[in-house]
Each structure stands twice: as C-alpha cells, then as structure tokens.
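Fold and contact review
The primary structure of each chain is shown beneath.
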Amino acid sequence: MTMFDGFLIALADLTAPLNLLLLAAGVLAGLLVGAIPGFSITMAVVIVLPFTYGMDTTPGLAVMLGVMVGGVSGGLVSAMLLGIPGTPASIATTFDGLPMVRSGQQGLALGLGLWASCIGGFLSGCVLFLVAPPLGRIGLEIGPWGYFSLILFALTITASLSSGNMVKGLIAGCIGLLATSIGEDQVNGITRLTFGNSTLDGGFAYLPILIGVFAFSQLLADMPDRASARRSLSAEGTGDLRIPHRRALRMVLRHWALTLRSSAIGIFVGVLPAAGASISNLIAYDQAKKNSKTPERFGKGSEEGIIAPESANNATMGGALMVLVALGIPGDAAAAAVLAALLVHDVAPSPTFMSESPDIVYVILLAFVIGHVFVLLLQTVALRIFVRVVGIPIYVLAGVILLYTGMGVFAINNTLFDVWTMFLFGIVGYLMVRFGFPLAPLILGTVLGPIGEVNLMRAMSISSDATLFLSRPWSLLFLVMAALSLLFPLYQARAKQGGWSYYPALSLALVAVPLVMMPGLARLSLGCALAAVALWLAVRAFRSPPSTTKDVAHGAHHH
C-alpha cells in the first residue's frame, strides 16, 4: 500500500458518519475536561481512554484525538473566565485573557483564543502531512544504538526542563524508570524486584500509573480540607459569552506574522521529546512580548498576548504527534496517553509504522486536522455546559471522576491489582506534588523506560561492543545533545555572571561532528555550516573580554 492509498483509505474511513460523530464527541469531551481547572489534557485523554477499549482502531483513535485537540482548546475557557488555567498548556493565556475578560470583552477574548488555537492547529497539521513521511525514513536509520541514546536524551530534557529544579526532575524520572523495571523483562522474561511475590511478575501496567499520577493525585491536591472540597469553581466572569467570530478572525489574521512565529515555536517544542505545550505557550508569549511594537500592553489585555500562546499550544500537539507517528516516541505526556490508546488497539508506533500502516498514520493526521474544525463548531455548546459544570462542588465532581477512572482501570485487564496500582501511584503523585517534584518526568520515565531497555538489549545482542554508541552518528548526536541539555541549566546560571562564554560555540561544534559523519551531502553541508558558526562564535567569545560579576554589579549600580 502506498502512502497515497493509505491517505484515501483513511479519508474514507474517518469521514464515515459514525466516526465523525465520535470525533465530535471526543472534541466536546476534551473541551469540557480541558475547561475544568486542574484537569490536564493528559487527564482528559486518560479519562476517555477506557470508553474506547471495545471500539475498532479508527473510531477509537478518532475519539482520542478529538479529546486531545479539544483539551488544548478547552483550557483557554477557564484561563480567561476564571483566571485559572484549565490545563498547563494555557498558563500564558491567563496573563492577557483575564484582563480582557475583566474589561468586559469576554466574547472577543474567547474568539481570539479560539481562532488562534485553530489556526495554530491547522498550520501544524499541514507540517505534519509534509514532514512525517521523511521523518519516518530517518527513523529507520537510527538503529537500536541511536534509539537508546534518543531515550536518554528525552529523559535528560525532562529533567533539565523541570523549571529550576533539575535534581528533583532527575529523581522523578528515575522513580518512573524504577517502576517499569519491576516484573519480567521484555526480552528474556527474567523476573526482577518481585521479592518472590508472583502478583508482581507482570509488573505495573502503564495506564494505572498514568491515571494514578495525573487524575488521582490532582483530585487529592484539589481538596486539601473540608471547606475547599465543598466550594465550586464558578466565578463572576461568565456573563454574555457570544463570540464575535468575524472580528476575532480579522484580528488574528492582522497579526499573521505573530501567529506563524508562535505556531513554529509550538511545532518545534512539540518535536522535542517531553517538552510539551506547557512550555511552548510560555516561550511563545515571551517571544511575542519581545517582538511586539507595544510590549507595555502585555498583561493588561493585549490581543497579541492571547494569540501567541494559543496558536503555540495547539501547534505543539502537531509536533508531538509527528514524533509519535514517525519514531514511536511520545513528545509529551498527552501524546504518551495517545500512545497507550494505540497500544490498546494493537498498533505499536515504531520507525516502520509509516511504511507498514500508512492508513492508520493518516487517520491520526486527518483526525487531528478535522478535530480543529469541530472545535470551532462546538466551543459555543461547550461554553453553555461549562457554566453549569463549574457550579458543582468539587467533592461531587471528584467522586464521579474517581469512580469512572477506577472502573476504567479495572476494565483494562479485569484485575484489582491495577486498581491498587492506581491508588499507590496516586499517593506517590500527591506526595511528589506536595514536595515540589514535577510529574512529567515520572510519566516519561515509565513510558520511555521499556523502549530504552529493549533497544539497549537489542544493541548489546547484535554486538557487545559499547563503543558503537559513540561510533554510530545518530547515537553520538543524541548522546552529545543529552550531555548538553544536562549542562544547559548550569550554563544559564553561569552566563548571568559572564562565565562559560565558550559554551554556545562548543555545543555547536560537538553537534557538527556526528552530522559530518552521516551519509548524504545535505547533512555534510549542514555539519560544516554549524562548524563554521561555532568557529565564528568562538572567535567572538575570545575577542570580547569576559565580564566579571563585579562589572555587572557595578553597571547595575550605575543605572
């Protein structure tokens, strides 16, 4: 089957009335769950996952992708109306969304966010269609050595992105890795860390961990005491919610450069393993402010401050899906949940996924793009329901959700052991949140651990020579990037004091080495270009005298 055949089959399959209906239902569910503060996109995907067990692959994926797309766009509702980001992906949306709503322009604020997120999604959908096939071909070259190094790189990124606390990020990642190493190993079937307890032979299933860490611990954290459990989330900002679509769209199109730039940032962050929309929306907001003609309006209800984060966070989903489809590695926690949905339907994304089942790949891509059309159509319906849901006390909401997730977890393998796993990891997740540990590294450790382990075993069974990890160009590239991402927080701290001025030059030079080693003229020239830039940066760093802390302090004093 060629890629084009796959595309036509997927199009016919997905546009069947039932599948479109399920996609719409998924989008609506995502919009609602995303809009409830404290419920992340991952949680939305996880809550809906059990309902898709009995479905075929296409309808199942349609629902899951609908939820994923709806979840990102739903977060903007509570971010604007309540000032509480519904999902971490819409943190930056609160900065200007809330002031605009407070100034009485609820409809316009929602409209801007809605159109920006849909255009961002469309753009990344187009990039997905163009870039996923060549990415899949690269995936085939990487080999088990490269895959192991890629996963190492993904785990170091999660740690170094754990805002300002790398050690805690690393510990969280290691807890995730430890959790997956319990039970029989995937290659030789030898039991580990079971302490003679036969229930642990199968290890911890991945979904109960995901649900426990995200849903269960979040609900515990939402209700620290009786008073807060009784209150509801509603606010005064839910007056007239009619959206002036035409005016909002005109405003977004007037800032076309900003929309394109933010979407590009979103796609780029999505492609990085483990970065996710919670980071891209903040980067895009920061860039918008730096490049704006009126930076002083940011934080007071600037339309640019709504367009940037919203177009970025939807574009990130496209980037994350791109890596998932082409390499089988989830770009963020929500993509990890979609990966779980694929595995439930016996579809395992890997480098050969594009060539083996192009029809399923295109179902994913098409559902992502069509989902955005449904977001536009359904957001007004979701708003009306949202205003009702927000009035329900938290303890009722939490009880209903816990019941559903418990039933869903039980339904996976029909064992109570999974329910206890969810409970255990819920408590672990809650304690981690209380003591300031990030949750994302734990989840990525759980997802990436087994993939990394299998590839390490494959590599070692092909050849026990460990130097192959350094002599294979892709593997070397990812190892270099892993080392650089661990050093990056240190560089940031030192750069403020004027130290480590050679770091950018050194890092580019190191990345250039594996590129030059790769076959093909394009990569060789890219490697040479990077080496040239590195040389130029080194010369510049050598010429400019290193500023010491005294100079900096003196300069600040002078101001």
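Residues numbered from 1 in each chain as written. Predicted model: local features only at pLDDT ≥ 70, side-chain atom pairs only at ≥ 80, totals over all residues. Heavy atoms only, no water.

Some remarks on the packing of helix 5 (residues 91–102) against helix 13 (residues 304–327)
What counts is decided by this rule: To define axes, lines are fitted to C-alpha atoms, for helices over the stretch in contact only, and angles between the resulting N-to-C directions are given on a 0 to 180 degree scale. Numbering goes from the N terminus for both helices and strands, where a helix is a DSSP run of H or I of at least four residues and a strand is a run of E of at least two. By convention, the crossing between two helices is left-handed when the near helix turns anticlockwise from the far helix through less than a right angle, and right-handed when the turn is clockwise. Two residues qualify as a contact provided that any one of their heavy atoms is within 4.5 Å of a heavy atom in the partner residue. Side-chain classes are defined by residue name, with Ala, Val, Leu, Ile, Met, Phe, Trp, Tyr, Cys and Pro counting as nonpolar, Asp, Glu, Lys and Arg as charged, and the others, Gly among them, as polar.
Where helix 5 contacts helix 13, the two axes come as close as 8 Å, and the packing angle between them is 145°. Seen from above, helix 5 lies across helix 13 with left-handed handedness. In this structure, helix 5 uses Ala92, Thr93, Asp96, Gly97 and Met100 to contact helix 13, whose residues at the interface are Gly305, Ile306, Pro309 and Glu310. The residue makeup of the contact of helix 5 with helix 13, split by class, is four nonpolar, three polar and two charged.

Section: a positive patch on the surface
We apply this condition: Nonpolar side chains (Val, Leu, Ile, Met, Phe, Trp, Tyr) are joined into patches within 5 Å and like charges within 9 Å, using only residues with over 30% relative accessible area and no salt bridge. Reported accessibility uses the Shrake-Rupley method at a 1.4 Å probe radius. Residues are deemed covered only where the shown protein chains occlude them. One speaks of a salt bridge when a side-chain nitrogen belonging to Lys or Arg is within 4 Å of a carboxyl oxygen belonging to Asp or Glu. His is not counted, nor are the chain ends; Lys and Arg add positive charge and Asp and Glu add negative charge. Note that the charge is assigned to NZ on lysines, CZ on arginines, CG on aspartates and CD on glutamates. Each residue is assigned to one of three classes by its accessible area relative to the maximum for its type, calculated with a 1.4 Å probe on protein chains only: buried under 20%, partly exposed between the two thresholds, exposed over 50%.
On the surface, Arg246, Arg247, Arg250 and Arg254 cluster together into a positively charged patch. Residue placement: arginine 254 occurs in helix 10 (residues 245–254). For arginine 254, a relative accessible area of 57% translates into the label exposed.

Points about the nonpolar core
The condition that has to hold: The definition of a nonpolar core used throughout is a set of buried Ala, Val, Leu, Ile, Met, Phe, Trp, Tyr and Cys residues joined through side-chain atoms within 4.5 Å.
Of all hydrophobic cores here, the largest spans 157 residues; its most connected members are Leu110, Leu112, Leu210, Val213, Leu321, Ile364 and Ile443. Top contributing element to this core by residue count: helix 6 (residues 106–161), with 20 residues. Apart from residues lying up to four places away in sequence, leucine 210 is in contact with Thr42, Val46, Ala215, Ala337 and Ile443.

Description of the packing of aromatic side chains
Basically, it comes down to this: Working definition: a ring pair exists when centres of Phe, Tyr or Trp rings (six-membered ring for Trp) sit within 6.5 Å. Plane angles under 30 degrees give stacked, over 60 give edge-to-face, the rest tilted.
Scanning the model with the defined rule gives 14 aromatic pairs in all. Ring plane angle 75° and centroid distance 5.5 Å describe the contact between tyrosine 285 and phenylalanine 298, whose orientation is recorded as edge-to-face. With a gap of 13 residues between them, tyrosine 285 in helix 12 (residues 277–291) and phenylalanine 298 in the loop between helix 12 and helix 13 connect regions that are remote in the sequence. Exposure class is identical for tyrosine 285 and phenylalanine 298. Each is buried.

Re the packing of helix 7 (residues 166–180) against helix 19 (residues 440–462)
Quick note on the threshold: Angular relationships are summarised with four words: roughly parallel below 35 degrees, roughly antiparallel beyond 145, roughly perpendicular across 65 to 115, and oblique for the angles in between.
For the pair helix 7 and helix 19, the least separation of the axes is 7 Å and the interaxial angle reads 40°. Considering their axes alone, helix 7 and helix 19 lie oblique with respect to each other. Crossing angle aside, the handedness with which helix 7 passes helix 19 is right-handed. Contacts between helix 7 and helix 19 pair Gly169, Ala172, Gly173, Ile175, Gly176, Leu177 and Thr180 from the former with Pro441, Leu442, Gly445, Thr446, Gly449 and Pro450 from the latter. Its residues placed into classes, the contact of helix 7 with helix 19 shows six nonpolar, seven polar and no charged.

Digging into the environment of glycine 66
With respect to the element layout, glycine 66 can be found in helix 4 (residues 57–81). Every residue in contact with glycine 66, bar those within four places of it in the chain, is listed here: Leu23, Gly26 and Val27.

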